[in-house]
Amino acid sequence: MSTSVTCKMSPDELVYLGVLAASIPVGFLFRYLSSSVKQVAALFLGLFISIALCHIHVLHSLVTVIGTWIIIKSSWRHAPALSLSWTFLYLLFFRLVTWFDLPQPTPFANAIQLILTLKMVSLANEVHSFHIEKKRDVSSFAKSPVIGGLTQEPSLFEILSYSYCYVGIMTGPFFRFQTYMDWLKQPSPLALPRWEPCLQRLKMVPVFGALFLAVNHYFPLSYVRTDGFLDENVFFRLFYMVAVFFVFRMRFYAAWCGAEAGCISAGLGCYPEKALSKPGGGPTVNYSPDPTSEEKYDFKTIQNIDCYNTDFCVKVRHGMRYWNMTVQWWLHHYIYPNAPFKSYALRAGWTMLISAYWHGLHAGYYLSFLTIPLCIAAESAMESAVRAKLGPSGQNAFDWIHWFLKMRAYDYMCMGFVLLKASDTINYWASIYFTMHVIAVSCIIVGKVLRGGRREGRKGEKGQTGIASSALSIYPSPRILTAVSGVDACLAHLGSGSCLALCWAGSGVAGLV
């Protein structure tokens with residue numbers, strides 16, 4: 001194999017890197033500002049970045065924001081559904097603008113539009129919850145125990161300030177409007193943790209970056225599309241997807257850890273540990289400062305990636321918990337509960353379909369995302385038919401094999417995510433004989449045979465089996481959630497707080513689930 005590809009970064013990647021790097025020292029300066037000055041400064045800095053990198057295409061994001069504000073002001077009762085429809089339909093227009101003889105938006109405009117879509121849907125839901133709880137308070141004459149809810153409906157200026165806040169404007173992580181307001185109203189920003197958590201998040205970034213450049217140099221994605229690739233032996237072609245997914249992970253690890261460091265330096269998403277914050281959502285329990293003891297803080301609200309658990313968790317469904325965690329929270333709260341199905345499996349499939357659409361219209365996204373339910377069904381079948389019958393040592397061996405196959409499944413699905421085109425994805429999968437599809441289907445068949453074709457478990461039993469229980473472990477049933485004290489507290493069952501996103505990449509920002 002020989003290529004002329006160098007390990008240089010693309011101009012777009014260098015811009016993303018520059019924005020990430022600059023946001024960290026700037027964040028420390030923002031801790032010295034008053035609430036009102038911080039709000040205006042963050043808005044103008046975000047607008048400057050948007051206009052400088054998007055030019056006229058910044059109007060797409062502005063139209064999205066104004067449209068959402070109109071929806072909220074005109075019909076707060078239907079704002080969640082209307083905002084979701086509005087922002088997702090505008091995403092379709094945004095991606096098809098060339099059909100209307102309009103200029104193609106820049107990759108930076110795409111990145112901002114993706115993050116803004118999440119923010120606007122979340123904002124509409126927060127406003128809806130505010131009005132519902134306000135009516136409930138009036139009718140019951142008692143303050144409802146809502147955690148992290150709004151105290152008033154935001155003004156247009158506040159919505160614009162939230163939308164164009166410079167923190168994470170292109171790279172994420174996603175955060176709610178309430179998180180943004182809590183950041184503005186921090187009583188003593190300089191007293192909150194700064195250097196230690198920021199350096200802790202940055203310490204591995206140079207390693208991730210170096211590995212990304214080195215492995216990408218020797219295993220460029222472009223080689224997969226050449227005729228020479230098909231002349232390589234099948235073991236090399238199989239190994240290539242391992243290298244490609246490794247490059248993919250290193251890029252995201254570096255970008256997301258850097259983006260989190262930008263939030264930490266500014267103090268965004270900093271809450272007491274006892275608030276039990278979840279990525280994307282923020283505090284899950286009511287808390288109050290204890291003047292008699294030293295308060296401990298964390299930045300879990302803006303944590304978007306758990307690198308170790310992403311690599312070393314055993315199961316496919318568990319891997320989703322630790323990847324793009326703030327977007328996973330968004331999907332869990334705003335998409336999964338409102339899916340037009342009752343089945344857990346269909347709800348999870350619907351959520352993955354929405355995630356694929358949010359990422360883009362490329363067929364590779366859909367081929368990848370819709371392979372996930374098959375993999376989950378396969379691992380569930382083998383767990384119930386094989387692992388459950390093994391002793392401790394046998395289960396340990398099973399888990400190692402399971403982990404190996406989980407990583408290969410993500411390698412396999414990543415190829416669709418980065419090749420984008422259906423033809424390129426299917427050609428690659430065909431070149432390795434659709435290995436993971438074959439293994440997944442075989443595991444399902446073997447699992448059914450070993451169980452003797454019986455359907456394990458009955459309706460109403462405590463333990464659920466198969467794909468339904470797997471889907472439940474990713475996106476818990478709303479009925480189960482309400483059985484625990486507090487919806488947000490139940491996110492501990494979810495374990496993370498993204499299908500989706502945001503990649504520091506030339507084609508825009510995107511993340512695998």
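Bear in mind that the values here come from a model prediction, so they are computed numbers and not experimental data.

Turning to the overall build of the chain, a few remarks are in order. Scanning the chain from terminus to terminus reveals 23 helices and two strands. Across the 513 residues that make up the chain, the buried fraction comes to 54%. Just so you have it, the chain exposes about 22,700 Å², and 66% of that area is on carbon and sulfur atoms.

Taken as a whole and judged by the stated rule, the model has 13 salt bridges. Among the salt bridges present, the one from Asp 311 reaches Arg 249, with a minimum N-O distance of 2.8 Å. With Asp 311 in helix α12 (residues 307–312) and Arg 249 in helix α11 (residues 234–266), this residue pair connects regions lying 62 residues apart in the sequence. There is no split in this pair, since Asp 311 and Arg 249 are both buried. Notably, a salt bridge pairs Arg 317 with Glu 379, separated by 2.9 Å at the nearest N-O pair. Residue Arg 317 is found in helix α13 (residues 316–319), and its partner Glu 379 is found in helix α17 (residues 372–385); the two are separated by 62 residues along the sequence. Assigned by exposure class, Arg 317 and Glu 379 land together as buried. Residues joined in a network through salt bridges with shared partners are Lys 315, Arg 317, Glu 379 and Glu 383.

With that out of the way, let us pick up the UniProt feature "transmembrane region" (unreviewed entry) in the chain. Residues annotated in UniProt with the feature "transmembrane region" (unreviewed entry) correspond here to residues 14–34, 40–72, 79–100, 159–177, 198–219, 234–252 and 428–450. Along residues 159–177 the backbone is 32% helical and 0% strand, and the end-to-end C-alpha distance reaches 8 Å.

Here helix α4 (residues 79–95) is 17 residues long and its end C-alpha atoms lie 24 Å apart, about the 24 Å a rise of 1.5 Å per residue gives. All of the buried residues in α4 are Ala 79, Pro 80, Ser 83, Thr 87, Phe 88, Tyr 90, Leu 91, Phe 94 and Arg 95. With its buried residues spanning 155° around the axis, α4 presents them on a single face. The outward face of α4, more than 90 degrees from its buried face, is lined by the exposed residues Ala 81 and Leu 89.

In this section: the nonpolar core. General note: in soluble globular proteins, nonpolar side chains tend to be found buried as a group. Core analysis: the biggest nonpolar cluster contains 67 residues, and Leu 123, Tyr 162, Met 170, Tyr 180, Trp 183 and Trp 330 have the highest contact counts within it. Looking at this core, the element that brings in the most residues is helix α5 (residues 107–140), giving 13 residues. Those residues in contact with Trp 330 that sit more than four places away from it in its chain are Leu 84, Phe 88, Leu 118, Val 121, Ser 122, Phe 174 and Ile 335. Counting residues in hydrophobic clusters, the runner-up holds 49 residues, among them Ala 254, Trp 256, Cys 257 and Trp 323.

For the structure shown, the criterion picks out 43 aromatic pairs. Ring centres 4.2 Å apart and planes at 20° place the aromatic pair Phe 28 and Trp 195 in the stacked group. With Phe 28 in helix α1 (residues 11–30) and Trp 195 in helix α8 (residues 195–202), this residue pair connects regions lying 167 residues apart in the sequence. Assessed through its relative accessible area of 11%, Phe 28 is described here as buried. With 5.6 Å between their ring centres and 70° between their planes, Phe 219 and Phe 239 make a pair best called edge-to-face. Pair noted here: Phe 219 is in the loop between α9 (205–218) and α10 (227–231) and Phe 239 is in helix α11, with a separation of 20 residues, a long-range link. Note on Phe 239: relative accessible area 43%, which makes it partly exposed. Here the aromatic residues Phe 208, Phe 245, Phe 248, Phe 252, Tyr 253, Trp 256, Trp 323, Tyr 365, Phe 369, Tyr 410 and Phe 417 are joined through ring pairs into a cluster of three or more. Between the NZ or CZ atom of Lys 119 and the centre of the ring of Tyr 162, over which it lies, the distance is 5.0 Å.

This next bit is on the environment of Tyr 365. Note that Tyr 365 resides in helix α16 (residues 363–369). Sequence separation between Tyr 365 and Leu 353 is twelve residues; the distance between their C-alpha atoms is 9.1 Å.

Right, let's talk about the confidence of the model for the chain for a bit. In the predicted model, the chain carries a mean pLDDT of 86, and 84% of its residues have values of at least 70. Low pLDDT (under 50) marks residues 141–145, which in the prediction has six contacts with non-local residues, meaning those over four places away or in another chain. Taken together, the stretch residues 477–512 has pLDDT below 50 and engages in 145 contacts with residues farther than four places along the chain or on a different chain.

With that settled, the discussion passes to unusual backbone geometry. With an omega of 5°, the peptide bond between Gly 172 and Pro 173 qualifies as cis. Note on placement: Pro 173 falls in the loop between α6 (156–163) and α7 (177–184). The backbone of His 55 shows a phi angle near 60°, a positive value even though the residue is not glycine. Among the secondary structure elements, His 55 is positioned in the loop between α2 (35–54) and α3 (58–74). Of note in this structure, Asp 101 is not a glycine but carries a positive phi near 60°. With respect to the helices and strands, the residue Asp 101 is situated in the loop between α4 and α5.

In this fold, His 128 is placed in helix α5. In the structure, His 128 is positioned 56 residues away from Ile 72 in sequence and 8.3 Å away in space, judged by C-alpha atoms. Ignoring any residue separated from it by four or fewer positions in sequence, one finds His 128 in contact with Trp 76, Arg 77 and Pro 80.

Attention shifts here to the packing of α4 against helix α15 (residues 344–359). For the pair α4 and α15, the least separation of the axes is 10 Å and the interaxial angle reads 40°. By the angle between their axes, α4 is oblique relative to α15. Contact residues: Phe 88, Leu 89, Leu 91, Leu 92 and Arg 95 in α4; Ile 354, Tyr 357, Trp 358 and His 359 in α15. Here the residues of the contact of α4 with α15 sort into seven nonpolar, one polar and one charged.

What follows covers the packing of α6 against α7. Describing two packed helices takes the angle between their axes plus the distance from one axis to the other. With their axes 10 Å apart at the nearest point, α6 and α7 run at an angle of 95° to one another. As far as their axial angle goes, α7 and α6 are roughly perpendicular. Counted together, Glu 158, Ser 161 and Tyr 162 of α6 and Phe 177, Tyr 180 and Met 181 of α7 form the full contact between these two elements.

So, how was this worked out
- Residues numbered from 1 in each chain as written.
- Predicted model: local features only at pLDDT ≥ 70, side-chain atom pairs only at ≥ 80, totals over all residues.
- Heavy atoms only, no water.
- Helix = DSSP H or I, 4+ residues; strand = E, 2+ residues; numbered from the N terminus.
- Buried < 20%, exposed > 50% of the residue type's maximum accessible area, 1.4 Å probe, protein only.
- Areas by Shrake-Rupley, 256 points an atom, 1.4 Å probe, with all protein chains shown as cover.
- Salt bridge = Lys/Arg side-chain N within 4 Å of Asp/Glu carboxyl O.
- UniProt positions renumbered as here; feature names shortened; annotations may be inferred.
- Expected span 1.5 Å × (residues − 1).
- Arc of directions from axis to C-beta.
- Core = buried A, V, L, I, M, F, W, Y, C linked by side-chain atoms within 4.5 Å.
- Contact = heavy atoms within 4.5 Å.
- Phe/Tyr/Trp six-rings, centres within 6.5 Å; stacked < 30°, edge-to-face > 60°.
- Lys NZ or Arg CZ within 6 Å of the ring centre and 35° of its normal.
- pLDDT = per-residue confidence, 0-100.
- Axes fitted to C-alpha atoms, helices over the stretch in contact; angles between N-to-C directions.
- Parallel < 35°, antiparallel > 145°, perpendicular 65-115°, else oblique.
- Nonpolar A, V, L, I, M, F, W, Y, C, P; charged D, E, K, R; others polar.

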